[in-house]
Amino acid sequence: MRFSVLQFPGANSDQDCLHAVRVLGHEARYLWHKESEIGGTDAVLVPGGFSYGDYLRAGAIARFSPIMQALVRFANEGGLVLGICNGFQILCEAGLLPGALIRNRELHFRCEHVFLKIANPETPFTRVAPDSGVIRVPIAHGEGCYFADQETLSRLTESRRILWQYCDQEGTPSEDANPNGSVQNIAGVCNEKGNVAGLMPHPERACEPVIGSAEGASVLESMIQTLSERGQH
Amino acid sequence: MVEPEITPELVESHGLTDDEYQRIQKLLGRSPNYTELGVFSVMWSEHCSYKNTRPLLKQFPTQGPGVLVGAGEENAGILDIGDGLAIAFKIESHNHPSAVEPFQGATTGVGGILRDIFTMGARPICAANSLRFGSLESAEVRRLFKGVVAGIGHYGNCFGVPTVAGEVAFDPSYEGNPLVNAFALGVLRHEQIARGAAKGVGNPVFYVGPATGRDGLAGAAFASQDLTEESAEQQRGAVQVGDPFMEKLLLEACLELLATGAVAGIQDMGAAGLTCSTCETAARGGTGIEIELNRVPQRSPGMSPYEIMLSESQERMLIIVHRGREDEVKRIFDKWDLPWAEVGFVTDSGRMVVRHEGRVVVDLPARELADEAPIYQRESRRPAYLDETESLTLDSLSLAADPGEVLPRLLAWPTIASKNWVYRQYDYTVRNGTALFPGSDAAVLRVKEDSLPGLVEGEAYDGSFPEKYLAISLDCNAVYVYLDPYEGGKLAVAEAARNLACSGAIPLGATDNLNYGNPHDPELFWQLKESVRGVAEACAFFQAPVTGGNVSLYNQNPGGAIDPTPVIGLVGQIEDEDAITSQWFKEEGDVILLLGNPVDQKDPLLGLGGSAYLQVIEGLKSGRPPRVCLEEEKQIADALRGWIGSGVVKSAHDCSEGGLAVALSEACFSEDHARQTPRFRGAQVALDPVAGVDAGAMLFGESQGRIIVTVERAFLPKVLGQAEILGVPLKEIGSVGGETLTIEYGEASYTWDLRSLHEAWWTSIERRLE
């Protein structure tokens, strides 16, 4: 598979995304924010970081970049897009995903490993989930508290578009397991068509045992399996 | 604008003495003008010139087979790590700015050290820090602590460098004068080393990065005087403002430009900004430099030459480009949307010439300005307080406290307590290289293909890159240094070396941050002199050349000087991935061994001098600190690395503050599996009674050279046999298992519930901040 990793000024997990894809045996390249075409690519990763310094609001400026116009077209044509951390914020700001991310409940930036419950294991981003239905991956964000109005939440729940929830080791989305105050412990969601998803935790930083966990690889592997079934390679 | 007349008062307010001013007049054959006086004041400050410490720093070992760029040559030293790869690393203080404006002081400290690394052509792959504050009982200290931690986090997190290691200690001597020492490490290939020299007469000089403002005026001079309430208030405006986003762009643009080969020399604008970068590059290049200030991007109108030259606005670089290749600079900096300006050229005059509106405003000899600051041999005298502290005897101590109650109190003492409140505000996972997270003896970093300056793209991972593992530890027990500067200096290095050994690493080199009080006070200068001697001796012994560092003097407030604090940053290498070792117990049934002698019986205080036990339980900061035998430390470390290398050792944790009982506790519960999910593994320990050593000294004494190790039971005979052959003390003291920590000593037995010990240790700092 061929992944493209968007490169915004101030993105800092772009290299991590690229590394993870390559470790899993696939190709990846950077796509500069001033480009206006996605070009030949099977899937797009929108990486974490502080795009444009996050000066206005996390992800708020990145959505106006030329590459984002191209990304919207790519997504509308059914291309797979995953936004991670700041990438999730950008996709929300761009209207590709519902909801918004606001400051963590405790106001501090927070970095630690968390457990994620795979709330819907039948999507292009979660289908390779382990039997336990729980993966351990790191978070690293200051504005990761997911928020959406009641109506949106109901729609998300009904259409099973909540993909990941913060949980404890046993898979229970408890209050204690919620690192940032996200409503319903939501860590990540997808769009209506199911081809665009975003999450605050960093699965791309958990693809090798030597860096503490390889359980995040299942997210990228889910995408890879979906693409290979579609006949893309 | 009319420049002020040079008066004795003006000279004094620039921190220059009469003698220094006369030296300047002699050097120039005339009096300096106002701008030139400013230039001299920063270049001849302690921060830039090391005028008070240079003779002492000569004691450090600086050479070694792996040294590619040595101490003092460039912005940071560079060491070989094999296969054509190299690392650049350094530590630097930002103490005074952080005392005045903690958030910005800390951010710009991190920004400055990161620039020192990528100026060398290296890509920064991690950051670390060493922090000291007063007691958390004080609201002001809490404000400083919170601000500094938030500032460090903000800058590193946004820039995208994992902050992986560090130390934080609390002591009343740092009240009002916290220490903020920031460390960074980067990776590059040997042939990618960049130099800060203005080479090639006629080559154009570029200024890149954001515009120059009035912030940070003369910060280097501010850092080189006592901190008083008055000076802090006056200097609030001297604290620069950091922009990590800008720095990230600057990093990528500089690395991209360096890869083109168009760069003849590069130097960051840190302390003393444009002044320091122009005169140092000219001095190193054996050339001269001429710049026109009107071309320098400026944030506000009407800035004077003095202000432009002395500004410490952040995230700026000076780049000397090979003539004819100017377009490459423009192309790359335009791509990254970064301001750039061609501001001058390299000359053969040996002079630093600055023009403003066509008029020459500075004309000074570059080399003399950079290298000929006066050198002082300061007077030193053994401090009077030592008579009292050294007279402390064991008999005079009650040692009546119940060890069962002492342990949770020590674990909750902020200096010993878990620093998770701090490091969880730092992104320590970015860059996919952190193999051992904060919370073990040393951090371990993986060097992989994308650790190098160039961006890697395309093909799948083929595993051909020779990955490396590095261990980093920052250490200093300043109470030991206060109580015995020479011994304390050695102890700081020994502890760092022990931490590296526990993670499986062998030392490669060191960087040091020397934090002291006013050097004009003979007693304080004696602390500096003696501890540097100890640090130098130990670094030489461990074959860890000092590749650079920083001196921060005048760390005092009206209440007195800080404890002498020579922070040692030791970097080591681990042979392969399997050898990476962490401090926590791994499996039920494993045997717990004590490597090293249980207690130093030659020490009259049995390891209690300067200990956490004396400070917390007896309220004493006194006694002679434990002695370190470097030879024994090395034998123990070599043996440990051997066992780690052969896959026998499952965990290793050194005994430091709080002694054996604290180390055992940490080994039981410090594995932080995930949020709210610590891993508990109990331990049942029995220690042989030693005549004349009561339980308090045995459990909480801080005798050096002790490491708690676990092995599978099947390997026990083998390691004990090998220890005997090697002549290192190694003894089975217990086994891993159960829900509690139990320590038997002679007739006495103590049992603690792990969950409550963990609670005391894990939440202590957070509770004090509420």
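Asker: For this particular structure, what's the right way to read the overall build of chain B?
Answerer: When helices and strands are counted, chain B shows 28 helices and 30 strands. Against the compact-globule benchmark of 27 Å for 770 residues, chain B has a radius of gyration of 26 Å, which places it among compact chains. Taken along its principal axes, the extent of the C-alpha atoms in chain B is 85 × 65 × 45 Å. Relative to its full complement of 770 residues, chain B shows a buried share of 68%.

Asker: In this structure, what is going on with the overall build of chain A? I would like to understand it.
Answerer: Helix and strand counts for chain A stand at five helices and 11 strands. Along the longest, intermediate and shortest principal axes, the C-alpha atoms of chain A span 45 × 40 × 35 Å. Of the contacts formed within chain A by residues at least 6 apart in sequence, a portion of 77% connects residues at least 24 apart. Total accessible area computed for chain A in this model is approximately 8000 Å², and 49% of it derives from carbon and sulfur atoms. Positive and negative charge centroids in chain A, built from 19 and 27 side chains respectively, lie 5 Å apart.

Asker: What is the right way to read the side chain of B:Asn477 from this model?
Answerer: Residue and element names in this part refer to chain B. Mapped onto the elements of the fold, asparagine 477 is located in the loop between strand E16 (468-475) and helix H19 (478-483). Accessibility expressed as a relative area gives 8% for asparagine 477, which makes it buried. Those residues in contact with asparagine 477 that lie beyond four places of it in its chain are Glu657 and Glu702.

Asker: What is the right way to read the packing of helix H24 (residues 659-669) of chain B against helix H27 (residues 754-762) of chain B from this model?
Answerer: A pair of packed helices is characterised by two quantities: the angle between their axes and the separation of those axes. All names here are of chain B. Viewed as axis vectors pointing N to C, H24 and H27 meet at an angle of 100°, and their least axial separation amounts to 10 Å. Our classification of the angle between H24 and H27 gives roughly perpendicular. Every residue of H27 that contacts H24 at Ser665, Glu666, Cys668 and Phe669 is listed here: Leu754, Leu757, His758 and Trp761. When the residues that make up the contact of H24 with H27 are grouped by side-chain class, the tally is five nonpolar, two polar and one charged.

Asker: Any chance you could explain the nonpolar core here in plain terms?
Answerer: If you look at soluble globular proteins, the nonpolar side chains tend to sit buried side by side. Core analysis: the largest hydrophobic core is formed by 193 residues, its most contacted members being A:Trp164, B:Phe145, B:Ile319 and B:Phe333. Of the domains in this structure, domain 1 (1-55 + 195-373) and domain 2 (391-417 + 581-770) of chain B are the two that each give at least three residues to this core. Those residues in contact with B:Phe145, other than ones at most four positions away along the chain, are B:Phe133, B:Leu136, B:Val168, B:Phe170, B:Trp421, B:Val422, B:Ile765 and B:Leu769.

Asker: It is not clear to me how the pairing of strand E28 (residues 730-736) of chain B should be interpreted in this structure. Could you clarify?
Answerer: Along a regular strand, successive side chains alternate from one face of the sheet to the other. Residues and elements named next belong to chain B. Judged from the five bridges that link them, strand E22 (residues 591-595) and E28 form a sheet pairing that is antiparallel. Each bridged residue has a counterpart across the sheet, and for leucine 595 the counterpart in E28 is leucine 730. When strand E26 (residues 683-687) meets E28, the two strands line up antiparallel, connected through three bridges. Within E28, the residue paired with valine 685 across the bridge is glycine 734.

Asker: Hey, could you run me through the interface of chain A and chain B in this one?
Answerer: At the junction of the two partners, chain A supplies 47 residues and chain B supplies 47 residues. Taken over both partners, the interface formed by chain A and chain B buries close to 4100 Å², and the fraction arising from carbon and sulfur atoms is 52%. When the buried surface of chain A facing chain B is broken down by residue, A:Gln15, A:Arg22 and A:Val210 rank first, second and third, together holding 18% of it. Seen at the junction of chain A and chain B, the total is six salt bridges. Put simply, B:Asp337 and A:Lys34 hold a salt bridge, and the shortest N to O gap is 3.2 Å. The interface formed by chain A and chain B contains 25 residue pairs in polar contact (both at pLDDT 80 or more). The set of elements that each furnish at least two residues to the side of chain A that touches chain B consists of helix H1 (14-23), strand E2 (27-32), strand E6 (110-118) and strand E7 (134-141) of chain A. Residue composition of the side of chain A that touches chain B, by class: 20 nonpolar, 14 polar and 13 charged.

Asker: How should I be thinking about the sheet that holds E16(B) in this particular structure?
Answerer: As a general point, the strands of a sheet are linked pairwise by backbone hydrogen bonds and lie either parallel or antiparallel. Residues and elements named next belong to chain B. Taken together, the six strands give an open sheet; going across it, the order is E14-E15-E16-E21-E17-E18, and neighbouring strands pair in mixed fashion. Looking at strand neighbours, the two that pair on one side only are strand E14 (434-436) and strand E18 (546-552), the edges of this open sheet. Mean inter-strand twist for the sheet, computed between neighbouring axes without regard to direction, equals 25°. Where strand E17 (residues 506-515) and strand E21 (residues 565-574) come together, nine bridges link them in antiparallel fashion. When the bridges of E21 are listed, asparagine 513 appears paired with valine 567.

Here is what the cut-offs are and how they apply
Within every chain, residues take consecutive numbers counted from 1 along the sequence as written. Key to labels: chains lettered from A, ligands numbered from 1, both in the order written. Only residues with pLDDT of at least 70 are given local features in this predicted model, and only at 80 or more are side-chain atom pairs given and counted; all residues enter the totals for whole chains, interfaces and linings. Only hydrogens and water are removed before side-chain values are computed, so all heavy atoms of the structure are retained for them. Segments assigned H or I by DSSP are reported as helices when at least four residues long, segments assigned E as strands when at least two residues long, and all are numbered from the N terminus. Put simply, the radius of gyration uses C-alpha atoms, and a globule should come to 2.2 Å times the residue count raised to 0.38. Residue exposure (1.4 Å probe, protein chains only): buried if accessible area is under 20% of the type maximum, exposed if over 50%, otherwise partly exposed. Here, two residues are considered to be in contact whenever any of their heavy atoms come within 4.5 Å of each other. We get accessible surface area from the Shrake-Rupley algorithm with a probe of 1.4 Å; when it comes to residues, only the shown protein chains can shield them. Positive residues here are Lys and Arg, negative ones are Asp and Glu, while His and the chain termini are left out of the count. By convention, charge coordinates are those of NZ in Lys, CZ in Arg, CG in Asp, or CD in Glu. An axis is simply a line fitted to the C-alpha atoms; with a helix, the fit covers only the stretch in contact. Between two such axes, the angle follows the N-to-C directions and lies from 0 to 180 degrees. Here roughly perpendicular refers to angles of 65 to 115 degrees, roughly parallel to angles under 35, roughly antiparallel to angles over 145, and oblique to all remaining angles. Amino acids outside the nonpolar list (Ala, Val, Leu, Ile, Met, Phe, Trp, Tyr, Cys, Pro) and the charged list (Asp, Glu, Lys, Arg) are all regarded as polar, and Gly is one of them. What we call a nonpolar core is a set of buried Ala, Val, Leu, Ile, Met, Phe, Trp, Tyr and Cys residues that are connected through their side-chain atoms within 4.5 Å. What counts as a domain boundary in this text is fixed by an automatic or database domain assignment. When DSSP finds two or more bridges between a pair of strands, those strands are recorded as paired. Here's the idea: put two parts together, see how much 1.4 Å probe accessible area each one loses, and the total over both is what we call buried area. The salt bridge definition used is simple: a Lys or Arg side-chain nitrogen within 4 Å of an Asp or Glu carboxyl oxygen. Polar contact is defined as a pair of N or O atoms within 3.5 Å, subject to the rule that within protein one atom must be able to donate a hydrogen and the other to accept it, and that residues adjacent in sequence are counted only when both atoms are side-chain atoms.

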